[in-house]
Amino acid sequence: MDMEKKLQELKEYISSYPDFPKPGILFRDMFSLLRNPNAFKDLRDVMVEISKRNIPDAQAVVGLESRGFLFGSVLAIELGLPFVPIRKPGKLPGELNKVTYQLEYGTDTFEIQKDAVTPGLKVLLVDDLLATGGSLKAGCQLIEESGGVVAGCLVIMELVDLRGRDKISQPVFSLLEF
Ligand SMILES: O=P(O)(O)OC[C@H]1O[C@H](OP(=O)(O)OP(=O)(O)O)[C@H](O)[C@@H]1O
Ligand SMILES: Nc1ncnc2[nH]cnc12
């Protein structure tokens, strides 16, 4: 596979919306890519190759609600690994671990089911997009506080100017840079 060529082509499928959802935000919409079945398949192939190459020891895929579920679940099936969700508060049953993290204004909470993370479990953490890095950092913290190890993070899009990756101490792999 010519990875660079494929990534260039995939980037063309991402639509951009100025001033959504707030003035000053340039929203990168990956649903325009998912509408094209061949582009979605190519994206899947690239995700699988990058994960196998860089995070070969992953034992589970954890996805961040909600757009992270789309890519995390595809990757889990392709890699033959369990899929585990990290959800916003009040959605998961059973015993939970929680982390509260900072948003631009205020705070939010992520939750994970305690029995989904066995001690030392090596996790591949997946989300659609890395902006300020607050969500991915909170996801890493939650996995590690639950006893797991973040072997690596994979995001489809990275907004490089926001320098979100500087907040994350674990390896971060991104497919499309904006
Ligand atoms: O790097 P950050 O500044 O934390 O931003 C990135 C996060 O923001 C979006 O999630 P959102 O909370 O909008 O959830 P959604 O996937 O449910 O739309 C996106 O899906 C990432 O999870
Ligand atoms: N600019 C952006 N586009 C799409 N999703 C986002 N989540 C956070 N920032 C975003």
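Looking at an unreviewed UniProt entry, one finds the protein named Adenine phosphoribosyltransferase, with Orchesella cincta as its source organism. Within the UniProt record for the protein, the comment given under Subunit (unreviewed entry) is "Homodimer." Looking at the Sequence similarities (unreviewed entry) heading of the UniProt record, one finds this comment for the protein: "Belongs to the purine/pyrimidine phosphoribosyltransferase family."

Another aspect to go through is the overall build of the protein. For the protein, the helix and strand inventory stands at five helices and nine strands. For the protein, the C-alpha atoms occupy an extent of roughly 40 × 40 × 30 Å along the three principal directions. Considering only intrachain contacts with a sequence separation of at least 6, the fraction spanning at least 24 residues in the protein is 58%. For the protein, the accessible area works out to roughly 9,200 Å², and carbon and sulfur atoms hold 50% of it.

Remark: the centre distance and the inter-plane angle together describe each pair of aromatic rings, the angle taken between the planes. Inspection of every chain in the model, using the stated rule, returns three aromatic pairs. A ring pair is formed by Phe69 and Phe83, whose centres lie 6.0 Å apart and whose planes are at 85°; its orientation type is edge-to-face. Linking Phe69 in helix 4 (residues 67–79) with Phe83 in strand 4 (residues 83–86), this pair joins segments that are 14 residues apart in sequence. Stacked on the ring of Phe178, the Lys or Arg Lys11 has its end atom at 5.0 Å from the ring centre.

Looking at ligand 1, there are 13 residues lining it, with Ser66, Asp127, Asp128, Thr132 and Ser135 nearest. Arg67 places a polar side-chain atom, nitrogen or oxygen, 3.0 Å from an oxygen atom of ligand 1. The contact in question runs from an oxygen atom of ligand 1 to an N or O atom on the side chain of Ser135, over 2.6 Å. Contact with the protein chains covers 72% of the free accessible surface of ligand 1, which is 500 Å². Within the residue set of the shell around ligand 1, elements represented by two or more residues are strand 7 (122–130) and helix 5 (134–145). Top element by residues in the shell around ligand 1 is strand 7. It accounts for four residues. Looking at the shell around ligand 1 residue by residue, the classes come out as three nonpolar, five polar and five charged.

Further remarks concern the UniProt feature "domain: Phosphoribosyltransferase" (unreviewed entry) in the protein. Those places that UniProt annotates as "domain: Phosphoribosyltransferase" (unreviewed entry) correspond, in this numbering, to residues 33–158. A distance of 16 Å separates the end C-alpha atoms of residues 33–158, which is 36% helix and 33% strand.

Looking now at the environment of Lys167. Here Lys167 shows up in the loop between strand 8 (149–158) and strand 9 (172–177). Residue Lys167 is classed as partly exposed on the basis of its relative accessible area, which comes to 43%. Separated by 34 residues in the primary sequence, Lys167 and Gly133 place their C-alpha atoms 6.3 Å from one another. If we ignore the near neighbours within four places in the chain, the residues touching Lys167 are Thr132, Gly133 and Lys137.

About the criteria used
Residues numbered from 1 in each chain as written. Chains lettered and ligands numbered in written order. Predicted model: local features only at pLDDT ≥ 70, side-chain atom pairs only at ≥ 80, totals over all residues. Heavy atoms only, no water. UniProt positions renumbered as here; feature names shortened; annotations may be inferred. Helix = DSSP H or I, 4+ residues; strand = E, 2+ residues; numbered from the N terminus. Contact = heavy atoms within 4.5 Å. Areas by Shrake-Rupley, 256 points an atom, 1.4 Å probe, with all protein chains shown as cover. Phe/Tyr/Trp six-rings, centres within 6.5 Å; stacked < 30°, edge-to-face > 60°. Lys NZ or Arg CZ within 6 Å of the ring centre and 35° of its normal. Near = heavy atom within 4 Å. Polar contact = N/O pair within 3.5 Å; in protein donor to acceptor, adjacent residues only side chain to side chain. Nonpolar A, V, L, I, M, F, W, Y, C, P; charged D, E, K, R; others polar. Buried < 20%, exposed > 50% of the residue type's maximum accessible area, 1.4 Å probe, protein only.

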